[in-house]
Amino acid sequence: MRLPIAAFLLFASPALAQPFSVGTAKAERGQKATGFIEVPAGSDAATSIPVIVFHGAKPGPVLAIASGSHGTEYASIIAVEKLIGAVDAAQLSGTLILLPLINRASFDQKVVHVNPIDSKSMNRFYPGKPDGTQTERASFLITKEVIEKADHVIDLHGGDMDESLRPYSYWTKTGNAKQDEASKQMLLAFGLDTIIISADRPKDPAASRYLENTASTRGKPSITAEAGHAGTVEPEDVAALVNGSLSVMRHLKMLPGAPTPVANPVWIEKIESVTSTEPGIFYPAVKKGSYVEKGMTLGTVTDFFGKTIFEAKAPAAGVILYLCSVPTMTKGGTIANVGVVQTVR
Ligand SMILES: [Zn+2]
């Protein structure tokens, strides 16, 4: 009996025929498997992080797509849920790992920014440690089970309940020209039209802090992308994240067809953050995505008697990447992030 060449290669190479496991999800070639990364109890409670593995019928790169480090950034979580139904392992080259919801307690309890079990952001404690609090133990296992097994990582975020943000992605510049070019091509393929250049992210793999930087400090071209605002699940935000992920998979030759890259994105060279000096009630004066001049009023904070106690001014000309979307304002709370557009390239 003559075997097709692909089947011959599968049998000829034991490595190619190996199943692929992440946590309890173990997928054979051409199959999808679901399971959990089980984080055991330690100084606080156990948790289990859902994972889906698509082990493609043909060889290719390993791509991990994660969301829900912040469990109320719903647009990004729903985007990864949609990807589950959009990918067929039988048609896939390489392996796709999906982590739709890293921060289970944040999602369950509708707590913004942090894991309510230990009050830590689940995107600040990588590479984690096995004997830390729940966030650190989860980060440790995601590093071992996902980051170390992947060639590329896409970390999706989506504008938390108090964040009105315009869609953008982040380009981490590591200083390695080849790796930086590869991650830049992933960003262009993802297709968001505003890209923040991050040159100040951690360089030490033992203190990588962020999920994406845990991959990039390990030499793996990776990106972060955000779309969504104020806890909403708008179809255009979800579509931007789903289509961007699929376009990157085409760019990496994991799926057939051509990617749909953005042609001339806006590159942001610096973020100027504006914080409130006073607690009180916030009234915005601009919208997300607006262009502002230096000195323009971005919003005001009043006391509980209606008296203006703080007026936020743009520290530089640029685009409003993010604006506080709720009246609650704390002392030191972020009012807006103004992205300064790169003019010299
Ligand atoms: Zn986030």
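For the structure itself, consult the block above.
All figures in this text were calculated on a predicted structure; none of them were measured in a lab. (Residues numbered from 1 in each chain as written. Predicted model: local features only at pLDDT ≥ 70, side-chain atom pairs only at ≥ 80, totals over all residues. Heavy atoms only, no water.)

1. Quick notes on the overall build of the protein chain
For step 1, the next point in the chain: What the protein chain contains, in helices and strands, is 8 helices and 19 strands.
For step 2, the next point in the chain: What you see for the protein chain is a C-alpha radius of gyration of 21 Å, in line with the 20 Å of a compact globule of 345 residues.
For step 3, the next point in the chain: Principal-axis analysis of the C-alpha atoms places the extent of the protein chain at approximately 85 × 50 × 35 Å.
For step 4, the next point in the chain: Relative to its 345 residues, the protein chain shows a buried fraction of 54%.
For step 5, the next point in the chain: For the protein chain, the proportion of contacts with a sequence separation of at least 24, taken over those separated by at least 6, is 70%.
For step 6, the next point in the chain: Accessible area of the protein chain: about 15000 Å², with a carbon and sulfur share of 56%.
For step 7, the next point in the chain: Across the protein chain, 33 positive and 33 negative side-chain charges occur, with their mean positions spaced 5 Å apart. (Helix = DSSP H or I, 4+ residues; strand = E, 2+ residues; numbered from the N terminus. Rg over C-alpha atoms; globule rule 2.2 N^0.38 Å. Buried < 20%, exposed > 50% of the residue type's maximum accessible area, 1.4 Å probe, protein only. Contact = heavy atoms within 4.5 Å. Areas by Shrake-Rupley, 256 points an atom, 1.4 Å probe, with all protein chains shown as cover. Lys, Arg positive; Asp, Glu negative; His and termini not counted. Charge placed at Lys NZ, Arg CZ, Asp CG, Glu CD.)

2. Considering helix H8 (residues 235-251)
For step 1, the next point in the chain: Taking 1.5 Å per residue as the helical rise, H8 with its 17 residues ought to reach 24 Å, and the 24 Å between its terminal C-alpha atoms agrees with that figure.
For step 2, the next point in the chain: Residues of H8 that are buried: Asp-237, Val-238, Leu-241, Val-242, Gly-244, Ser-245, Leu-246, Ser-247, Val-248 and Met-249.
For step 3, the next point in the chain: Against the buried residues of H8 lie strand S5 (58-66), helix H3 (74-86), strand S6 (93-99), strand S7 (152-157), helix H6 (177-190) and strand S11 (223-226).
For step 4, the next point in the chain: One or two residues past the end of H8 sits Lys-253, with phi positive at roughly 65°. (Expected span 1.5 Å × (residues − 1).)

3. Describing unusual backbone geometry
For step 1, the next point in the chain: In this structure, Pro-127 follows Tyr-126 across a cis peptide bond, with omega equal to 5°.
For step 2, the next point in the chain: Within the secondary structure layout, Pro-127 lies in the loop between helix H4 (104-109) and helix H5 (134-147).
For step 3, the next point in the chain: Positioned with a positive phi, Arg-209 is a non-glycine residue whose angle comes to about 60°.

4. Remarks on the packing of aromatic side chains
For step 1, the next point in the chain: Summed over the entire model, instances satisfying the criterion amount to 3 aromatic pairs.
For step 2, the next point in the chain: Positioned over the ring face of Phe-125 is Lys-120, at 5.3 Å from the centre of the ring.
For step 3, the next point in the chain: Seen from the ring of Tyr-210, Arg-201 lies directly overhead, with NZ or CZ sitting 3.9 Å from the centre. (Phe/Tyr/Trp six-rings, centres within 6.5 Å; stacked < 30°, edge-to-face > 60°. Lys NZ or Arg CZ within 6 Å of the ring centre and 35° of its normal.)

5. Details of the sheet that holds strand S16 (residues 308-313)
For step 1, the next point in the chain: Taken in spatial order, the 4 strands line up as S16-S15-S13-S18 in an open sheet, and their pairing is antiparallel. Each end of this open sheet is capped by a strand with a single partner; those strands are S16 and strand S18 (328-329).
For step 2, the next point in the chain: In terms of strand pairing, strand S15 (residues 297-302) meets S16 through 5 bridges, oriented antiparallel. What sits directly across from Gly-299, in S16, is Ala-312. (Pairing = 2+ DSSP bridges.)

6. A short note on the pairing of strand S10 (residues 194-198)
For step 1, the next point in the chain: The element S10 is largely enclosed, with a buried count of 5 among its 5 residues.
For step 2, the next point in the chain: Here S10 shows a buried face lined by Thr-194, Ile-196 and Ser-198 and a second buried face lined by Ile-195 and Ile-197.
For step 3, the next point in the chain: Bridge count for strand S9 (residues 168-172) against S10 is 4 bridges, and the pairing is parallel. Across the sheet, the residue bridging to Ser-169 is Ile-195, located in S10.

7. Focus on the coordination of the zinc ion
For step 1, the next point in the chain: Distances from the zinc ion to its protein donors, His-70 (ND1), Glu-73 (OE), Glu-73 (OE) and His-157 (ND1), fall within 2.0 to 2.3 Å.
For step 2, the next point in the chain: In this structure, the zinc ion is coordinated by 4 donor atoms arranged in irregular fashion, with angles at the metal of 56 to 149°.
For step 3, the next point in the chain: Taken in sequence order, the residues that donate to the zinc ion follow the motif H-x2-E-x83-H. Highlighted residues: His-70 in the loop between S5 and H3 and His-157 in strand S7, separated in sequence by 87 residues. (Donors = N, O, S within 2.8 Å, 3.2 Å for Na, K, Ca; no water. Tetrahedral: all angles 85-135°; square planar, octahedral: opposite > 155°, others 65-115°.)

8. Side note on the packing of H3 against H8
For step 1, the next point in the chain: Between H3 and H8, whose axes approach to 8 Å, the crossing angle comes to 50°. Accordingly, the angle class assigned to the pair H3 and H8 is oblique. For the crossing formed where H3 meets H8, the hand is right-handed. From H3, Ala-75, Ser-76, Ile-78, Ala-79, Lys-82, Leu-83 and Ala-86 reach across to H8, where they touch Asp-237, Val-238, Leu-241, Val-242, Ser-245 and Leu-246.
For step 2, the next point in the chain: Its residues assigned to classes, the contact of H3 with H8 comprises 9 nonpolar, 2 polar and 2 charged. (Axes fitted to C-alpha atoms, helices over the stretch in contact; angles between N-to-C directions. Parallel < 35°, antiparallel > 145°, perpendicular 65-115°, else oblique. Left-handed = near helix turned anticlockwise from the far one by under 90°. Nonpolar A, V, L, I, M, F, W, Y, C, P; charged D, E, K, R; others polar.)

9. Digging into H6
For step 1, the next point in the chain: Between its first and last C-alpha, H6 extends 20 Å over 14 residues, near the 20 Å set by a 1.5 Å rise per residue.
For step 2, the next point in the chain: When H6 is considered as a whole, its buried residues turn out to be Gln-179, Asp-180, Ser-183, Lys-184, Met-186, Leu-187, Leu-188, Ala-189 and Phe-190.
For step 3, the next point in the chain: Immediately downstream of H6, the backbone of Gly-191 shows phi near 100°, a positive value.

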